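A look at the structure
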Amino acid sequence: MKRLILVVLLFTGFAVKAQHNPDDQILSDNWDVVGGVDFKIVKDSEMYAVYTPEIKKHANKTFELEGYIVPIKDGMKQTKFMLSTLPINQCFYCGKNGVPIMVLVEMAEPIKFTYKTIVVKGTLKLNPGNAMDNPPISLVNAKSI
């Protein structure tokens, strides 16, 4: 009988779902600039960023972002990673929230991985190529501040 109740509860939607805590999401004017970028899908394997005039004003200039490290490779020291508005321990691909805004960061010197937010400053680069091959927005020669 207990098994039957458990099965019924699971199938009626009382199971715990991974959701993000809105209090963890980083909001800032600079993330709003990055978040304004739209995408044009040409075909299944091609997608190009459509940059707003606002982000174009910041291209090739110093730009600062606070966010969470999303590692690309294993290791406690990171030199190249994605920076996200949401922490890595939250489910990016579940629920209604979708994938958070992310920017590729290439550090001038390695930074230790942390689950806490970091602030980085670097040169904002816009990649006009296929976004399926390379991230459309990056911070290069970045430093932790």
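This text follows the structure it describes.
Bear in mind the structure is a predicted one, so any value in this text is a computation, not a measurement.

Looking at the packing of aromatic side chains
- Counted by the stated rule, this structure contains one aromatic pair.
- Aromatic side chains Phe 113 and Tyr 115 sit 4.9 Å apart centroid to centroid with 85 degrees between the ring planes, which places their arrangement in the edge-to-face category.
- The class for Phe 113 is buried, based on a relative accessible area of 14%.

Brief notes about the pairing of strand β1 (residues 38-43)
- By the bridge criterion, five bridges tie β1 to strand β2 (residues 46-50) in an arrangement that is antiparallel. Note that in β2 the partner of Lys 43 across the bridge is Glu 46.
- Counting the residues between successive antiparallel strands, the hairpin from β1 to β2 contains two residues.

Things to note about empty space enclosed by the protein
- Here the structure, examined in full by the defined rule, presents one cavity of 30 Å³ or more.
- For the largest cavity, the calculated volume is near 30 Å³.
- Tyr 68, Ile 69, Pro 87, Ile 88, Phe 113, Thr 114, Tyr 115 and Lys 116 are the residues that line the largest cavity.
- Considered class by class, the residues forming the lining of the largest cavity number six nonpolar, one polar and one charged.

Quick look at the nonpolar core
- Ile 55, Phe 81, Leu 83, Val 105, Val 120, Ile 137 and Leu 139 are the most contacted members of the largest nonpolar core, which totals 25 residues.
- Going through the elements one at a time, α2 (29-35), β3 (62-71), β4 (77-84), β5 (102-112), β6 (118-126) and β7 (137-144) are the ones with two or more residues in this core.
- Excluding residues within four positions of it along the chain, Ile 55 makes contact with Val 33, Val 34, Val 37, Leu 124, Leu 126 and Ile 137.

Details of the sheet that holds β5
- Pairing is mixed around the closed barrel formed by five strands, whose spatial order is β3-β4-β5-β7-β6. Averaged over all pairs of adjacent strands, the angle between their axes in this sheet comes to 50 degrees, without regard to strand direction.
- Where β3 and β4 come together, four bridges link them in antiparallel fashion. Counted as the bridge partner of Ile 69 is Leu 83 from β4.

Some points on the environment of Asn 30
- Relative to the assigned elements, Asn 30 resides in helix α2.
- Among the residues examined, Asn 30 registers a relative accessible area of 23% and is labelled partly exposed.
- As a C-alpha pair, Asn 30 and Phe 63 span 33 residues in sequence and 8.0 Å in three-dimensional space.
- With near-sequence residues (within four places) excluded, Asn 30 lies in contact with Phe 63, Glu 64 and Leu 65.

Digging into the environment of Tyr 115
- Along the chain, Tyr 115 falls in the loop between β5 and β6.
- According to the relative accessible area criterion, Tyr 115 is exposed, its value standing at 57%.
- Between the C-alpha atoms of Tyr 115 and Ile 88, which are 27 residues apart in sequence, the distance is 7.5 Å.
- In this view, Tyr 115 contacts Tyr 68 and Ile 88; residues no more than four positions away in its chain are not counted.

Some words on unusual backbone geometry
- Positive phi values are uncommon outside glycine, yet Asn 60 reaches one of about 65 degrees.
- With relative accessibility at 53%, the residue Asn 60 sits in the exposed group.
- Even without being glycine, Asn 141 reaches a positive phi, approximately 50 degrees.
- Along the chain, Asn 141 falls in strand β7.

Definitions and cut-offs
Residues numbered from 1 in each chain as written. Predicted model: local features only at pLDDT ≥ 70, side-chain atom pairs only at ≥ 80, totals over all residues. Heavy atoms only, no water. Phe/Tyr/Trp six-rings, centres within 6.5 Å; stacked < 30°, edge-to-face > 60°. Buried < 20%, exposed > 50% of the residue type's maximum accessible area, 1.4 Å probe, protein only. Pairing = 2+ DSSP bridges. Helix = DSSP H or I, 4+ residues; strand = E, 2+ residues; numbered from the N terminus. 1 Å grid on protein atoms, 1.4 Å probe; cavity = no way out; pocket = protein on both sides within 12 Å on 5 of 7 lines; lining within 4 Å. Points joined across faces, edges and corners; volume = space filled by probe spheres on them. Nonpolar A, V, L, I, M, F, W, Y, C, P; charged D, E, K, R; others polar. Core = buried A, V, L, I, M, F, W, Y, C linked by side-chain atoms within 4.5 Å. Contact = heavy atoms within 4.5 Å. Axes fitted to C-alpha atoms, helices over the stretch in contact; angles between N-to-C directions.

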